[in-house]
Amino acid sequence: MFLRAIGRPLLAKVKQTTGIVGLDVVPNARAVLIELYTKTLKEIEAVPEDEGYRKAVESFTRHRLSVCKEEEDWEAIEKRLGCGQVEELIEEAQDELTLIAKMIEWDPWGVPDDYECEVIENDAPIPNHVPQHRPGPLPQDFYTTLEGLISESKTKIPPALKE
């Protein structure tokens, strides 16, 4: 019991450097990550439950939090998560908390049901500063396959596609 409670932290490897300029070693990285992930899960509750952003953040944060709670050693956490060093994970978690606050402020999911956005028709002129992507012609195999599929379904190919 003594070795587990007292000895294990003393025997753990001490990280000397991250090897990344400007990113200092965090000696208690596991505790910091647990605190940040717990705070993230609390903050994300302000986002509506059905939003994809909330679902994604909750999913990866819960996974990372469970790994941090299960593993004692920073090396094991890094290996199991496979997302970089614990110090990088700390920066990511801090950035996510900042983004959650911004998303709550911006309220991108709060668009009223009666909101009508402007629809730009295809024949509207494109401003000069907007880059235009004009894909090249499709290979002939594409049209052969398309004709075969359409002939099976008895649907006619519009003349515009037969060029």
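Remember, it's a predicted structure, so these values are computed and weren't measured experimentally. (Residues numbered from 1 in each chain as written. Predicted model: local features only at pLDDT ≥ 70, side-chain atom pairs only at ≥ 80, totals over all residues. Heavy atoms only, no water.)

1. Let's talk about the overall build of the chain
Next, step 1: A count of helices and strands for the chain gives 6 helices and 0 strands.
Next, step 2: Listing every helix and strand of the chain by position from the N terminus yields α-α-α-α-α-α.
Next, step 3: Taking all 163 residues of the chain together, 24% fall into the buried category.
Next, step 4: A sequence separation of at least 24 residues applies to 61% of the contacts in the chain between residues at least 6 apart.
Next, step 5: Carbon and sulfur atoms make up 55% of the accessible area of the chain, which amounts to about 12,900 Å² in all. (Helix = DSSP H or I, 4+ residues; strand = E, 2+ residues; numbered from the N terminus. Buried < 20%, exposed > 50% of the residue type's maximum accessible area, 1.4 Å probe, protein only. Contact = heavy atoms within 4.5 Å. Areas by Shrake-Rupley, 256 points an atom, 1.4 Å probe, with all protein chains shown as cover.)

2. Comments concerning the nonpolar core
Next, step 1: Formed by 16 residues in total, the largest nonpolar core has its most connected members in Leu33, Tyr37 and Cys68.
Next, step 2: The biggest single contributor to this core is helix α2 (residues 29–43), with 6 residues.
Next, step 3: Discounting residues that sit within four places of it in the chain, Leu33 has contacts with Cys68, Val86, Leu89 and Ile90.
Next, step 4: Ile44, Val47, Tyr53 and Val57 belong to the second largest nonpolar core, which has 7 residues in total. (Core = buried A, V, L, I, M, F, W, Y, C linked by side-chain atoms within 4.5 Å.)

3. Here's the deal with the side chain of Arg64
Next, step 1: As for its position among the elements, Arg64 is in helix α3 (residues 52–70).
Next, step 2: Not counting residues up to four positions away in its chain, the partners in contact with Arg64 are Tyr37, Leu81, Cys83, Leu89 and Glu92.

4. What to know about the packing of α3 against helix α5 (residues 86–106)
Next, step 1: Following both chains from N to C, one finds α3 and α5 inclined at 155°, their axes separated by 13 Å at the closest point. Between α3 and α5, the crossing angle belongs to the class labelled roughly antiparallel. Classified by chirality, the crossing of α5 by α3 is left-handed. Between α3 and α5, the residues in contact are Tyr53, Val57, Phe60 and Arg64 and Leu89, Glu92, Glu96, Leu99, Ile100 and Met103, respectively.
Next, step 2: Split into classes, the residues belonging to the contact of α3 with α5 amount to 7 nonpolar, no polar and 3 charged. (Axes fitted to C-alpha atoms, helices over the stretch in contact; angles between N-to-C directions. Parallel < 35°, antiparallel > 145°, perpendicular 65-115°, else oblique. Left-handed = near helix turned anticlockwise from the far one by under 90°. Nonpolar A, V, L, I, M, F, W, Y, C, P; charged D, E, K, R; others polar.)

5. A closer look at unusual backbone geometry
Apart from glycine, the bulk of residues carry a negative phi angle, and the bulk of peptide bonds sit in the trans form.
Next, step 1: For Asp107, which is not a glycine, the phi torsion comes out positive at approximately 50°.
Next, step 2: Along the chain, Asp107 turns up in the loop between α5 and α6 (140–153).
Next, step 3: Under the relative-accessibility criterion, Asp107 is labelled partly exposed at 36%.

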